[in-house]
Amino acid sequence: MERVIIFDTTLRDGEQSPGASLTSQQKVQIARQLEILGVDVIEAGFPAASPGDADAVKLIGQSVKTPAVCALARCHDQDIEVALKSLEKAARPRLHLFLATSEIHRKYKLGKAKAEIVRIATEKVRQARRYLKDIEFSPEDASRTEPDFLLEVVQAVVAEGASTVNIPDTVGYAVPEEFGSLIGYLITNLKDRRVVISVHCHNDLGLAVANSLAALRKGARQVECTINGIGERAGNASLEEVVMNLHVRQDTYGLFTKIKTREIYRTSRLVSSLTGIPVQPNKAVVGENAFRHEAGIHQDGVLKKRETYEIMNPQMVGWPRSELVLGKHSGRHALAARLKELGLEVSGEQLERIFNRFKVLADRKKEITDIDLIVVAEEETVAIEPVYQLEYFHILSGSSTIPSATVRLKKADTVYEDAARGDGPVDALYKAIDRLTGVRPKLKEYKITAVTGGQDAQGEVAVCLEIEGMNVAARGVSTDILEASAKAYLTAINQYLAKKNISKKIYRGMRP
Ligand code: KIV
Ligand code: ZN
C-alpha cells in the first residue's frame, strides 16, 4: 500500500475564508494540533501578504518539529525573499511557488504569453532551489490550462528541481473523471518519475473531495486540504473527508495516510472555535449530527449492532460515542436504553405509559432532553399527593428594584405566606418557597421552552433539584413563565417530600 502525503492548508487557504482571520498565537495553537493530528506538511501562510502572515510562518516554524512547514510565494523576487526569511528557523522548510498557467489568467490577469510563463516559472524555481531543497510549484488554474501546455510547465519546473508539483483546481471547475484523467496524463508523460504530484481542489461545485480522490486513483500522492473544508469561496477539500474516505474504503483505494484519526474531532472543533466558522450540523465526519440517529428503525438497529447504520466508529474520529436522539421518530428501544442509562428502572407497563407521553411531548418539542424524560418518568412512576399547593404569588422586579417575591402556599387546610428577595425574579420566588416549605434544594437544572407558538405561547419550565442527596425533577406549564417556574419548583419539592422515605435516586450522566 502506498502512502498519501497530507498537506494541510487550513492556515493559508483556510484563513482566506471570509471573516476567518487568526492571530499568530491562534495559528501556532492550530499548528501544534495539526502536528498531533499527524499532517505531513503545514502550509503556514503567505508571508508577502502581510507582516502578520510572515510572523506566523516564523513562529510556526519554531513551534513544530515533525511536519514540514511551508510558505507560499508568487514568482516574485520580493515574495521569495520574505518567504525564505520566514522559514529560516523551521526544522523542515518548504517553499511553495505559484504562477497561473490557464489562458484566461495568462491573457487577462498576467498579460503574458506561454513562453514567458515557462521562463518565469523555471527561473524562480532555479533561484529558490539555491537556498532550499524542498520546492513545490503550483501552476495556478491548472484544471483550465491546455493539458499539453500544463505538461510543458510541469516538465520544466521539475527539471529545475521542484520536488512536488501541485495541480490546483483553483476555481472548483473540474469533475472527477476529467480531473483524474488530467492527473493520469501528466504522470504518464512525466520524464522524471520521482516528483510527487499533488492536488489542490476547491469546492465551488461541491466536488473538491471527489476530485481529490479521483486524482489519487490516477497516481497523485499528495492532497492539499483544510480542516472542516474551510477556504477561499466555497472552501477546499476537507481533510477529514479525504482521510476517512481512504481509511474506511481502503479496500478500493489501497492507500493510507499518517493521520491519527482519533484527533480529527478535536482539531475540527479547535479550528471552528478559533476561526469562528461553525461546522454545518450535517457535515460528513465532524458535523454535530454525523453520529446521531433519530429514526426509530435506525435506533433499534444501532442498539442491536452499531454497524447496521454506522460505517465509521465515532470513536475512530474522536467522538465520544454515537448518540440516539430522542425525538418524534424514536422508538421504545431507544427510550428504554436512555432511561436505563439515566439509572431509571421502569416496569414494562410504566415504559408503555412513558412512551405514550413521550410521543405526545415529542410532537410539541423538536428534541426531548434528559430532564424532560426524567420528569415524565417521575410522574409515571411516583404517585404523589401534593403536600403544598400554590395559592398565589406576586413579583416585584424592574431595572431599579431589588427583585422580591411574595408567595402564598396551602398545606392541608392552612394557608402560609412569606416573602423573599433574590438576584432575579425566579431566584426571589424560589427563596420564598424555600422559606415556606423549610426545604433547601440545590437547583441543578432550570430550563425554559416555548411549547406552543404565537403571542400566547405556553412556556414550559423544567427543573431538577437536589435535596439532601436526592434528585427530583418536575415541570410546570403556563403562559406566564414565572408561574411555570413556581409550579415546576413546587412540584419537585412535593415529589421530594413524597419520596423522602422511599428511595434515593441519582441520575447518571445527564445530558442537557
Ligand atoms: O487555489 C489555488 O490555486 C491556490 C494556489 C496558490 C495553490 O490556492
Ligand atoms: Zn486554493
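The structure under discussion appears in the preceding block.
Residues numbered from 1 in each chain as written. Chains lettered and ligands numbered in written order. Predicted model: local features only at pLDDT ≥ 70, side-chain atom pairs only at ≥ 80, totals over all residues. Heavy atoms only, no water.

Colleague: What am I meant to see in the site of ligand 1 here?
Modeller: All residues in the neighbourhood of ligand 1 are listed as Arg12, Asp13, His96, Phe98, Ser138, Glu140, Asn166, Pro168, Thr170, His200 and His202. Here an oxygen atom of ligand 1 sits 3.1 Å away from a polar atom, N or O, in the side chain of His200. Taking His202, its side chain carries an N or O atom lying 3.0 Å from an oxygen atom of ligand 1. Protein contacts shield 93% of the accessible area of ligand 1, which totals 260 Å² for the unbound molecule. For the shell around ligand 1, the elements supplying multiple residues, two or more each, are strand E5 (93-100), strand E6 (135-140) and strand E7 (164-169). Looking at the shell around ligand 1 residue by residue, the class counts come to two nonpolar, six polar and three charged. (Near = heavy atom within 4 Å. Polar contact = N/O pair within 3.5 Å; in protein donor to acceptor, adjacent residues only side chain to side chain. Areas by Shrake-Rupley, 256 points an atom, 1.4 Å probe, with all protein chains shown as cover. Helix = DSSP H or I, 4+ residues; strand = E, 2+ residues; numbered from the N terminus. Nonpolar A, V, L, I, M, F, W, Y, C, P; charged D, E, K, R; others polar.)

Colleague: Any chance you could explain the nonpolar core here in plain terms?
Modeller: Inside soluble globular proteins, nonpolar side chains tend to come together where they are buried. Judged by nonpolar contacts, the single largest core of 89 residues is most densely connected at Leu95, Leu97, Phe137, Ile167 and Ile264. Tallying contributions element by element places helix H6 (residues 147-159) first for this core, with eight residues. No fewer than three residues from each of domain 1 (2-275) and domain 2 (292-355) sit in this core. Non-local contacts of Phe137, meaning those with residues more than four positions away in its chain, are made with Cys75, Leu97, Phe98, Leu99, Ala121, Val125, Val153, Val157, Ala162, Thr164, Val165 and Asn166. Counting 30 residues, the second-largest nonpolar core is a separate cluster that includes Ala428, Met470, Leu482 and Ala488. (Core = buried A, V, L, I, M, F, W, Y, C linked by side-chain atoms within 4.5 Å. Buried < 20%, exposed > 50% of the residue type's maximum accessible area, 1.4 Å probe, protein only. Domains from an automatic or database assignment. Contact = heavy atoms within 4.5 Å.)

Colleague: Honestly, the coordination of the zinc ion (ligand 2) in this entry has me stumped. Any pointers?
Modeller: Here the zinc ion (ligand 2) is held by Asp13 (OD), His200 (NE2) and His202 (NE2), and the distances to it run 2.0 to 2.1 Å. All donors to the zinc ion (ligand 2) come from one chain, and their sequence spacing reads D-x186-H-x1-H. Of this pair, Asp13 sits in the loop between strand E2 (5-8) and helix H1 (24-37) while His202 sits in the loop between strand E8 (196-201) and helix H8 (208-217), and the two are 189 residues apart along the sequence. Taking relative accessible area as the criterion, His202 reaches 4% and is therefore assigned buried. (Donors = N, O, S within 2.8 Å, 3.2 Å for Na, K, Ca; no water.)

Colleague: Where do I start with the sheet that holds strand E17 (residues 459-467) in this structure?
Modeller: Spatially, three strands are ordered E16-E17-E18 in an open sheet, and the strand pairing comes out antiparallel. At either end of the open sheet lies a strand with only one pairing partner, and these are strand E16 (442-450) and strand E18 (470-478). Pairs of neighbouring strands in the sheet enclose a mean axial angle of 15°, with direction left out of account. Across eight bridges, E16 lies against E17 in antiparallel orientation. Opposite Leu443, over in E17, you have Leu465 as the bridge partner. Each of E16, E17 and E18 touches helix H17 (residues 481-499); the most contacted strand, E18, lies at about 145° to it. (Pairing = 2+ DSSP bridges. Axes fitted to C-alpha atoms, helices over the stretch in contact; angles between N-to-C directions.)

Colleague: How do you make sense of the packing of helix H13 (residues 332-341) against helix H15 (residues 370-381) when you look at a structure like this?
Modeller: Axes are the key here: two packed helices are described by the angle between their axes and the distance separating the axes. Axis separation between H13 and H15 bottoms out at 11 Å; the angle between their running directions is 90°. The angle between the axes of H13 and H15 places the two elements in the roughly perpendicular class. Across the interface between the two elements, Leu335, Arg338 and Leu339 of H13 pack against Asp370, Leu373 and Ala377 of H15. Each residue belonging to the contact of H13 with H15 can be placed in one class, and the counts come to four nonpolar, no polar and two charged. (Parallel < 35°, antiparallel > 145°, perpendicular 65-115°, else oblique.)

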